[in-house]
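In case you want the letters, here they are:
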Amino acid sequence: MSKQKVLILGGSGFMGIHITELLLSTNQFSVTLLNRGKQYWRNPLAKYSDQIAHLKCDRHKTEKFIACLQTQPRWDVVIDMCCYKRHEMEPTIQGLTGRVGVYIFITTDSVYEACRSLAHDGTPPEQAWKEEDSVRPSPSPDSEEYKALAKRDSYGHHKLVCEEMLLANPQFPAVRLRLPDVFGPYDQTDRFWTYLLWMKISHRSPIHLTEKARKQPLSFIYSTDVANVVLKVIQLWNSPNPQFPSVVGRAYNIPQRETPTLEQFLQCMAKAMTNANLQKHEIKFMDAENWDGYEEGDDWPSLSSSDSSQSTDSDSYDNIELLPSVTYGPINGTRAYTELDFKPTPMVDAVAATVDFFGSAWKKFPEERPELDEFQRTVRRVIREAAEEP
């Protein structure tokens, strides 16, 4: 039996690495990556070089991009990891119409930020955002509410525009996977890694938490689970389950079952760090409001071993909160749990595996180290010193 042809747009980092490795492990797919040729994390896919084809292309060069999409008469599966705006989706649809079996669009829960507010606060769980809640306040881009919501979250707005373009082409066989904040090995957002580094010095520079961070339930997803969902979508496209609608044309929220607050998520990280012998001190948090009024030159409690310590940093203080990327609460994963038989990795296990990866990443992947630009210079120095310790 011949292998199905899979084209991954992007795919050189983070989730693309997990998806590629999983597809190759089944021995059922011939995988081609289309990207600009950048490599991350010392290219863990190099060991599969004899199994992966590569089309080097910048999708913003439209004519060449369409030509690359059409190097095959037909792709069985296209997985799009890096389409963010209308001008990227238009040539994608143009180049693949009539040439793809199923197109899997990796999108985001940020699309709900551009939709009318349904007063979801995430409690109880059934009031989390559902797929059908992605409704614009007005279909007209000229309406004031449409503009205000688009401005509030431009990333979510543009992703939703891409989704709307797919829906406007019902003959184009698309599946939309809406992801909340993703974490896992090879995470290039640096958010998880930065929190891990910060925790190691939190006894000197406590982690900032707003009241909302202590109370607001959130959704997360583990990167390996994203790969599992992609494979499941392909399998159901090949062999549909008659009990449920076809995956084509559907949107799916893909969250873990747990909906921790940011504080609970960080506490889960802290426990994993302790179990991995990465944490020498108790994790300390500080309410963001306690930082009000601290200006450059004032005593800086975050780096004070005693009250008399003075900050020599000339940067002004800003509250730092790296997660979440959305303002609303969690998303409802019932459709994916049911129709895709999605069984997310327990959060404790997913966090532990991610802590294990980033626990050694500072020395193993020096070229990928986060810039830590969120922090004042003094804190950056202390974080780097702690990261270099055995």
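Data block above holds the structure.
Residues numbered from 1 in each chain as written. Predicted model: local features only at pLDDT ≥ 70, side-chain atom pairs only at ≥ 80, totals over all residues. Heavy atoms only, no water.

Draft legend 1. The arrangement of the overall build of the chain in detail. Of regular secondary structure, the chain possesses 13 helices and 11 strands. Per-residue burial for the chain yields a buried fraction of 54% across its 390 residues. At a minimum sequence separation of 6, the contacts of the chain that also span at least 24 residues come to 79%. For the chain, the accessible area works out to roughly 17900 Å², and carbon and sulfur atoms hold 47% of it. (Helix = DSSP H or I, 4+ residues; strand = E, 2+ residues; numbered from the N terminus. Buried < 20%, exposed > 50% of the residue type's maximum accessible area, 1.4 Å probe, protein only. Contact = heavy atoms within 4.5 Å. Areas by Shrake-Rupley, 256 points an atom, 1.4 Å probe, with all protein chains shown as cover.)

Draft legend 2. Structural detail: the sheet that holds strand β10 (residues 251-253). Spatial strand order, β3-β2-β1-β4-β5-β6-β10: 7 strands in an open sheet with parallel pairing. Two strands close off the open sheet at either side, each with one partner strand: β3 (52-56) and β10. Recorded for the sheet is a direction-independent mean angle of 20° between the axes of neighbouring strands. Relative to strand β2 (residues 29-35), strand β1 (residues 4-9) is paired through 6 bridges, and the arrangement is parallel. Each residue of the ladder has a partner; that of Lys5, found in β2, is Ser30. Docked against the sheet, helix α3 (residues 86-96) engages β1, β4 (75-80) and β5 (100-108), running at close to 165° with respect to β5. Packed on one face of the sheet, helix α8 (residues 223-238) meets β1, β2, β4, β5 and β6 (174-179) and runs near 150° to β5. (Pairing = 2+ DSSP bridges. Axes fitted to C-alpha atoms, helices over the stretch in contact; angles between N-to-C directions.)

Draft legend 3. Fine view of the side chain of Ser110. By secondary structure assignment, the location of Ser110 is in the loop between β5 and α4 (144-152). If near-sequence neighbours (up to four positions away) are discounted, Ser110 is found in contact with Asp153, Tyr155, Gly156, Ser325 and Val326.

Draft legend 4. Molecular detail of the pairing of β2. With 6 of 7 residues buried, β2 lies mostly within the body of the structure. On the question of chirality, the crossover connecting β1 to the parallel β2 by way of helix α1 (residues 14-26) is right-handed. Bridge analysis of β2 against β3 gives 5 bridges, and the strand direction is parallel. Opposite Asn35, over in β3, you have Lys56 as the bridge partner. (Right-handed = clockwise from strand over helix to strand, strands pointing away.)

Draft legend 5. Highlighting the packing of helix α6 (residues 191-199) against helix α11 (residues 347-359). In contact at an axis separation of 10 Å, α6 and α11 are set at 75° when each is read in the N-to-C sense. With respect to each other, α6 and α11 are oriented roughly perpendicular. Contacts between α6 and α11 involve Phe192, Trp193 and Leu196 on the former and, on the latter, Val351, Thr354, Val355, Phe358 and Gly359. Looking at the contact of α6 with α11 residue by residue, the class counts come to 6 nonpolar, 2 polar and no charged. (Parallel < 35°, antiparallel > 145°, perpendicular 65-115°, else oblique. Nonpolar A, V, L, I, M, F, W, Y, C, P; charged D, E, K, R; others polar.)

Draft legend 6. Focus on the pattern of salt bridges. Within this structure, the stated rule accounts for 15 salt bridges. A salt bridge links Asp80 to Arg59; the nearest nitrogen and oxygen atoms lie 2.9 Å apart. Here Asp80 is found in strand β4, whereas its partner Arg59 is found in the loop between β3 and α2 (62-69), with 21 residues between them in sequence. As far as burial versus exposure is concerned, Asp80 and Arg59 are alike and both buried. As a salt-bridge pair, Arg136 and Glu164 come within 2.8 Å of each other at their nearest N and O atoms. Of the two residues, Arg136 sits in the loop between β5 and α4 while Glu164 sits in helix α5 (residues 154-167), which places them 28 residues apart along the sequence. Classification of Glu164 by relative accessible area gives partly exposed; the value is 29%. Residues joined by salt bridges that share partners form a network here, namely Glu131, Glu132 and Arg335. (Salt bridge = Lys/Arg side-chain N within 4 Å of Asp/Glu carboxyl O.)

Geometry only, nothing functional implied.
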